[in-house]
Amino acid sequence: MAEHGDVEIRGVTKRFGPTVAVEDINITIPDGSYCCLLGPSGCGKTTLLRIIAGHEVPTEGDVLIGGESVIGKPTGQRGTSMMFQSYALFPHLTVLDNVAFSLKMKRVAKGERRERAYEVLKRVQLDPLADRMPAQLSGGQQQRVALARSLITNPKVLLLDEPLSALDEFLRLQMRAELKFIQIDLGITFIHVTHTQPEALAIADMVVVMDTGRIEQAATGPEIYDEPRTTYVAEFMGGWNVFAGRVSGVENNQVTVAGTEGDNFHLPSNGHQVGQEVNFGVRRDKVHLAGGSIDLDRGNALGGTVHAIEYQGNWVKLTMTREQKRDLVAVIEDREYFANPTKVGDQVTVTWASEDVRVMERATGAQNLIGESFD
Amino acid sequence: MVRVITSALRYRAALQISPLSLALLFFLVGPVIMIMIMSFYEFTGFMTVPDATLENYIELFTSSLTGVNYLQTLKMVGITWVVTLVLGFTLAYFLVFDLVELRTKLLLFLLCVVPFWTSSVIRMVAWVPFLGKEGIINKFVIWTGISAEPLQFLLFSEFAVFLSYIQIFTLFMMAPLFNVMARINRDLIEAARDNGASGIQILWHVIIPLCKPGIAIGTIFVVSLVASDFAAVSLLGGQRVGTVSISMIIQMNMAQYPPSSATGVILLVVVLLIVGGIMRMVDVRKQL
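Chains are numbered independently. Their residues run from 1 in the order of the written sequence. All chains are assigned letters beginning with A, and all ligands numbers beginning with 1, in the order in which they are written. Two thresholds apply to this predicted model, a pLDDT of at least 70 for residue-level local features and 80 or more for giving and counting side-chain atom pairs, whereas whole-chain, interface and lining totals are computed over all residues. Values reported for side chains reflect all heavy atoms of the structure, with hydrogen atoms and water molecules removed beforehand.

Caption draft 1: Representation of the interface of chain A and chain B. Taken together, the 22 residues of chain A in the interface contact 16 residues of chain B. Buried area adds together the accessible area that both of two parts lose upon being put together, with accessible area traced by a 1.4 Å probe. Interface area, chain A with chain B, both sides summed: about 1600 Å², of which 58% is carbon and sulfur. The salt bridge definition used is simple: a Lys or Arg side-chain nitrogen within 4 Å of an Asp or Glu carboxyl oxygen. Connecting chain A to chain B are one salt bridge. Here arginine 50 of chain A makes a salt bridge to glutamate 190 of chain B, at a shortest N to O gap of 2.7 Å. What qualifies as a polar contact is a pair of N or O atoms within 3.5 Å, subject to a donor-acceptor requirement within protein and to the restriction that residues adjacent in sequence count only when both atoms come from side chains. On inspection of chain A and its partner chain B, the count reaches seven residue pairs in polar contact (both at pLDDT 80 or more). Helix numbers and strand numbers start at the N terminus; a helix is a DSSP run of H or I with at least 4 residues, a strand a run of E with at least 2. Those elements that provide at least two residues to the side of chain A that touches chain B are α1 (45-53), β6 (80-83) and α3 (101-105) of chain A. Only heavy atoms enter the contact rule, under which two residues are in contact if any of them lie within 4.5 Å.

Put into C-alpha cells, the structure is as follows:
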C-alpha cells in the first residue's frame, strides 16, 4: 500500500525533439525519505524533478504520488512544491507576501494568511525580516524565504533544484544540515537535485546516481559509496581506483585476473569463469604503501612513481603515476603514512587485500564525470 | 591623490555629457524659455508688444473654449492610452512569452518598426485613400451591400484620428513593455504556478506588477505624443476635432503669438504634472 508521500516513477521517458533527456526511468522513492538525484549536468536529473513537479510532461510513462497518477494534474495540485535554483522570489513582493503567495491564490483572508506566513517565517528564523524586499536579503536569507514559501503549501513532497549551489562553502554546509533537520522534523519526502557527491552522501537516505538520462544506481549512501554497481558510479562518486581485465584462473575462492594494462589482480570468487571480462575497483583508502620491495607478480600490487603528496590532516592523499598506465590514488591514514613517509619522485609499491576488491558492471552511458568529486 | 582623481573624473564626465547638454540647452531649454517670455507679452489684436502682463493667462482661464479643448484632449489621450496599452501589452506578451525562438521574436519586433522608416505625417495621410468616400473600405461596404451610402464617420472624423494614433503610438507602448517582459525570470512564472496560481492569477499578480515600469514609460510616451499632436487632428480630423494643440495652431496661424504661447505653457505644465504623477507611482529608473 502506497504511503501518501510515495513517489513512484514508472517507465518515464522525456524527449525534447530528437534529444532524449531521460529514458525509461523506474524508481520508487519512499514516503518521508530524503532522496538525492545526483549526476553531472545534462544527466537528466533536473528534467526528472520537473516532471515530478509537473513543469514538464513526460513523453511516456507515469508518475504516481501517494499511489495516484498525477499526469495531467496541474502543478499546484499534486501535493508537491518546488524550490528553484534561482529561488524565484517575486521581486515586487515583501518577504511576508512572497511566503503568503499561495494562500493569496487560494483567496485566504488577508489577516489569516499574514498570520500563517509569519508562523512559517519564524520556523526558518526570518520573522524579523518579514517586511523586507527580496533584493535586500543575502543569498542564504533568500533561500530561507524560498523554503518558507514552499513549506506553507504543506507539500507531501518537496522538490529542491540544486538548492545549495549558489551559496558559499560555509553557508552550504550549514544549510544542508538544516535542510536535513527540517526534513526529519516534517517527515515529508524531499527530492533534492545536486551534482555534488559529498552533499548527496551527507544527507540522503536514498542516492540516485544518474548518467545520460538513465539511473546508474539507486541505493543508500553507504551502498553507493562502498558497493558501486557500475564503474561509472565508482568513478563519478570518486574515492575509487577502477581496473578492467580478463579472468585467467579460478582457484578455490580466489579469482586471478590479467589486467588490460598487464598487471595481475586477485579478487574474491563469485562464480567467475576463466576468460570472462571483469571490471573491478578498490577504494583509495584500502590501498596501502608496501614497505620495502614486494614481488609485483603476487597480484594486487602495483609499482610507480610518487607524483603528488597532499597532506589533509587525518589522512594523506598520494598520487602515483605509472608509465603508459592509469594513475592510482592511495588515501593513507596519517599515522600509517608518517611511519614510512615518501617524497615526490620516489619509486613505490602499493598493495591491497583481495577482499577489498569490488567487482562492478561496465558502465555504458556517456560517462560524463564532471562533478565535485571526492579527491 | 584621491581628490585629484575624483576631480579629473568629474571633469571628464562633464566633457562627455557636454554635447548632449548643449544641444538640449539650445534646442529645448532655450525655446521653452522664449515661449515662456512670449506668453507674458501683450497682444493688442494685431501687434505683439514686449510686456509683463498676465492678460494672456487670464483670457485663457476665463475662456469657455479652454475647458472644451482640454476635455477633448483628455478624451483623445485617455482612449488612445487604453487601446494602445491593451494592444501593446498583448503584442509584447505574444512576442516574449508565446514565441519560443529568439530569431522569430526579433524578426517580428523589427517588422513592427518598419513603418517608422517613413514619416508619421505620411503614415497619417496614407489613411485617406483607405478611409475616404471613394476609399477601399467604402467601396467594399457598398459592394457587399452593408450600406447603400458611403460611411461618413470613417474619414475626417474623431474616429480617423484615433485610428492613426493607435497605429502610430502602439509601438511606443509595446517597446518598453517588450523590454520589461523579456527580463522577467521564467522561474517566477513556474514558481507562481507551483504555488497554485491560475493563468489569470499569474498575469494579474506576477506579470502585470513586474511590467509596471514598462507601462509607465509607454504611458509617458503616449500621453505626451497625443497631447502635443496637431498633425493627425488637422489632416484626419476634418476640423471637427478641437484639441488644445489645435487651438494653439489656430492662434499661431493668426500671428497671435502671446496667447498661443500661454496655451503652450499651460499644456506643458499639464503634461508635466501627468508625467510627474506617473513617476511618483512607479520607479521608472528601475528598468532603464
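Caption draft 2: Seen up close, the sheet that holds strand β16 (residues 301-311) of chain A. The antiparallel open sheet is built from five strands, whose spatial order is β15-β19-β16-β17-β18 (chain A). The sheet terminates laterally at β15 (288-289) and β18 (325-333) of chain A, the two strands that pair on one side only. If DSSP finds at least two bridges between two strands, the strands pair.

Caption draft 3: Main features of the side chain of asparagine 241 of chain A. Residue and element names in this part refer to chain A. By the element assignment, asparagine 241 lies in strand β11 (residues 240-251). The class of asparagine 241 is buried, set by a relative accessible area of 5%. A distance of 2.8 Å separates the side chain of asparagine 241 from the backbone oxygen of valine 329, its partner in a polar contact. With near-sequence residues (within four places) excluded, asparagine 241 lies in contact with Phe280, Gly281, Val282, Arg284, Val287, Leu328 and Val329. Here the term buried applies to any residue with accessible area under 20% of the maximum for its type, exposed to any over 50%, and partly exposed to those in between, with areas from a 1.4 Å probe on protein chains only.

Caption draft 4: Spotlight on the pairing of strand β17 (residues 315-322) of chain A. Residue and element names in this part refer to chain A. Counting buried positions along β17 yields six of eight residues, so the element is predominantly enclosed. Taking the residues between adjacent antiparallel strands as the criterion, β16 and β17 are bridged by three residues, where glycine 313 takes a positive phi near 95 degrees. Alignment of β17 against β18, held across seven bridges, turns out to be antiparallel. In the strand pairing of β18, valine 316 is matched with isoleucine 332.

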